[in-house]
Amino acid sequence: MNNQRKSLFLFTLILAIGLTSCSSIEIFEENNEIPIKNPYQSFVIINQEVGMRGFSSEFIDHQVQIHLREALEARGLIYDKTTPELVIRYTSNEDPRKRENFQNYNPYPFWGYRVWDPWMYNPYFNNRNNNSGTTHYELVQVIVDFIDQKEDKLLMTLTGVTEVSSQKSKSKKVLKTTDKIIDYFLYELKQSQ
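Residues numbered from 1 in each chain as written. Predicted model: local features only at pLDDT ≥ 70, side-chain atom pairs only at ≥ 80, totals over all residues. Heavy atoms only, no water.

Here we come to unusual backbone geometry. Phi angles above zero are rare outside glycine, and N31 is one such case at about 50 degrees. Looking at where N31 falls in the secondary structure, it is placed in the loop between β1 (26–30) and β2 (42–45). Given the relative accessible area of 45%, N31 is considered partly exposed. Phi at D152 takes a positive value of approximately 55 degrees, unusual for a residue other than glycine. Among the secondary structure elements, D152 is positioned in the loop between β5 (130–148) and β6 (153–164). Residue D152 is classed as exposed on the basis of its relative accessible area of 62%. (Helix = DSSP H or I, 4+ residues; strand = E, 2+ residues; numbered from the N terminus. Buried < 20%, exposed > 50% of the residue type's maximum accessible area, 1.4 Å probe, protein only.)

Have a look at this one:
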């Protein structure tokens, strides 16, 4: 029984660490002009061919180009500049934001000091125990258009949304978002066959 408790405790601890260390990435599908019906075998990344940057950072933009290309080539698609069946275009929306944080450090239990000062824990009347601050973050949207070259219509637009709290982690989160977008598209491609 003792080993079961230890195992349960370790499982719970690992689960809690895993849940708190992950930031969520949401994927949204939009703009379906035509359904996916062809098994596409070649593609081109239009940003790379015309020199159009999709991100404010040239480094991140270059990483996304390489990442998209390698991921699709690993799935068996061929990069073809002249006659691609699938055209990929990407862009981003990088929106700096901030949120207010309020922390109330309670030095007294509710049954103690509060009897004598009923306004002590109300942030509108008393700020002596409230520490507030501002957290700056960036809401990053990675937007990838998948276009059927023959029909010249959108198969779908996939938008991946994530929060970035520091410039150090921005590149990693953008690439994870790109991975999720590629996985989503390849799943839809497989389902259509």
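The terminal C-alpha atoms of helix α3 (residues 58–74) lie 24 Å apart, and with 17 residues this matches the ideal 24 Å at 1.5 Å per residue to within 8%. Among the residues of α3, I60, D61, V64, Q65, L68, A71 and L72 are the ones counted as buried. Angularly, the buried residues of α3 cover 145 degrees about the axis, an arc narrow enough to put them on a single face. Among the exposed residues of α3, those oriented more than 90 degrees off its buried face are E58, F59, E70 and A74. Just beyond α3, the residue with positive phi is G76, at close to 100 degrees. (Expected span 1.5 Å × (residues − 1). Arc of directions from axis to C-beta.)

Applying the stated rule across the entire model yields 3 aromatic pairs. With a centroid separation of 6.2 Å and an interplanar angle of 35 degrees, the aromatic rings of F55 and Y90 are classed as tilted. Taken as a pair, F55 in the loop between α2 (46–50) and α3 and Y90 in strand β4 (residues 86–104) lie far apart in primary sequence, 35 residues in all. On the accessibility criterion, Y90 (1% relative accessible area) is buried. Plain terms: the ring middles of F146 and F185 are 3.9 Å apart, the flat faces sit at 0 degrees to each other, and that makes the pair stacked. Here F185 lies in helix α4 (residues 167–192) and F146 lies in strand β5, a separation of 39 residues in the sequence. This pair shows no difference in class: F146 is buried, exactly as F185 is. Lying across the ring of Y79, R69 places its NZ or CZ 3.8 Å from the centre. (Phe/Tyr/Trp six-rings, centres within 6.5 Å; stacked < 30°, edge-to-face > 60°. Lys NZ or Arg CZ within 6 Å of the ring centre and 35° of its normal.)

What follows concerns the nonpolar core. Core analysis: the largest hydrophobic core is formed by 35 residues, its most contacted members being F43, V64, L86, I88, F146, L155 and F185. The element best represented in this core is α4, accounting for 7 residues. Those residues within four positions of L155 in sequence are excluded, and the remaining contacts are N31, N32, I34, P35, I36, Y40, L86, F146, I147, D148 and F185. (Core = buried A, V, L, I, M, F, W, Y, C linked by side-chain atoms within 4.5 Å. Contact = heavy atoms within 4.5 Å.)

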